[in-house]
Amino acid sequence: MDLLTNSTHLHIFSWVVGIIVFLIAATQPLDSKGRKILKMVLRVFYILIIGTGLALFIKYMSGDAALYGVKFLFGILTIGMMEMVLARQAKHKPAQLFWILFAISVLITVGLGFHLPFGIKLF
Ligand code: HEM
């Protein structure tokens with residue numbers, strides 16, 4: 001699947017749009033139509049994020065299996081935290097802890113992504 005693995009563009013597109021959709025969905029009133037639709041769109045982006053990430057993972061992981069494994073884990077964890085925020089809000093329970101965990105996991109995931117050798121390597 002050269003389209004998915006010749007560059008990280010599709011992966012970056014997927015998580016940037018996914019996170020924006022998540023942030024908008026999380027600030028919509030509960031039970032609003034907009035929130036429902038955005039949550040459905042968000043799930044499509046989860047599939048895109050995981051699909052594009054998995055394709056890169058399979059192709060490049062042998063370079064540093066441990067670190068690629070951690071990137072994979074934190075990528076999934078980030079998605080998990082987004083779902084936790086939305087689920088806690090829907091149940092009218094405090095979501096603050098999961099906002100913090102989301103922020104931490106996004107920072108680690110993006111940091112690892114830009115540290116790993118393929119695509120953009122910032123440090
Ligand atoms: C919201 C979740 C995610 C975020 C914010 C994220 C972020 C990033 C970033 C910033 C990069 C670097 C792109 C570049 O260097 O050009 C990257 C690359 C990558 N991501 Fe993700 N990612 C996420 C989810 C995932 C998932 C779920 C997987 C695995 C299934 C994954 C696997 C990878 C792989 C293998 C790379 C290539 C690493 C390299 O540069 O060598 N990512 N990601």
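Quick look at the structure, then. What you are looking at is a predicted structure, and each value in this text was computed from that prediction instead of being measured. (Residues numbered from 1 in each chain as written. Predicted model: local features only at pLDDT ≥ 70, side-chain atom pairs only at ≥ 80, totals over all residues. Heavy atoms only, no water.)

### Remarks on the overall build of the protein
Scanning the protein from terminus to terminus reveals five helices and zero strands. Put simply, the protein runs from its N terminus to its C terminus through helices and strands in the order α-α-α-α-α. The C-alpha radius of gyration computed for the protein amounts to 15 Å, which stays within 12% of the reference 14 Å derived for 123 residues, consistent with globular compactness. When the backbone C-alpha atoms are referred to their principal axes, the protein occupies close to 45 × 30 × 20 Å. (Helix = DSSP H or I, 4+ residues; strand = E, 2+ residues; numbered from the N terminus. Rg over C-alpha atoms; globule rule 2.2 N^0.38 Å.)

### Quick word on the packing of helix H4 (residues 65-90) against helix H5 (residues 96-115)
When two helices pack together, you describe them by how their axes are tilted relative to each other and by the distance separating the axes. Contact geometry for H4 and H5: axes closest at 8 Å, N-to-C directions at 155 degrees. As summarised for this structure, H4 and H5 are arranged roughly antiparallel, according to the angle between their axes. Our pair here, H4 against H5, has a crossing hand that is left-handed. Considered class by class, the residues forming the contact of H4 with H5 number 15 nonpolar, seven polar and two charged. (Axes fitted to C-alpha atoms, helices over the stretch in contact; angles between N-to-C directions. Parallel < 35°, antiparallel > 145°, perpendicular 65-115°, else oblique. Left-handed = near helix turned anticlockwise from the far one by under 90°. Nonpolar A, V, L, I, M, F, W, Y, C, P; charged D, E, K, R; others polar.)

### Focus on the packing of helix H2 (residues 9-26) against H5
Axis separation between H2 and H5 bottoms out at 14 Å; the angle between their running directions is 170 degrees. By the angle between their axes, H2 is roughly antiparallel relative to H5. Contacts between H2 and H5 pair Trp15, Ile19, Phe22, Leu23 and Ala26 from the former with Trp99, Phe102, Val106 and Val110 from the latter. Per-class residue counts for the contact of H2 with H5 are nine nonpolar, no polar and no charged. (Contact = heavy atoms within 4.5 Å.)

Any link to function would need more than the numbers given here.
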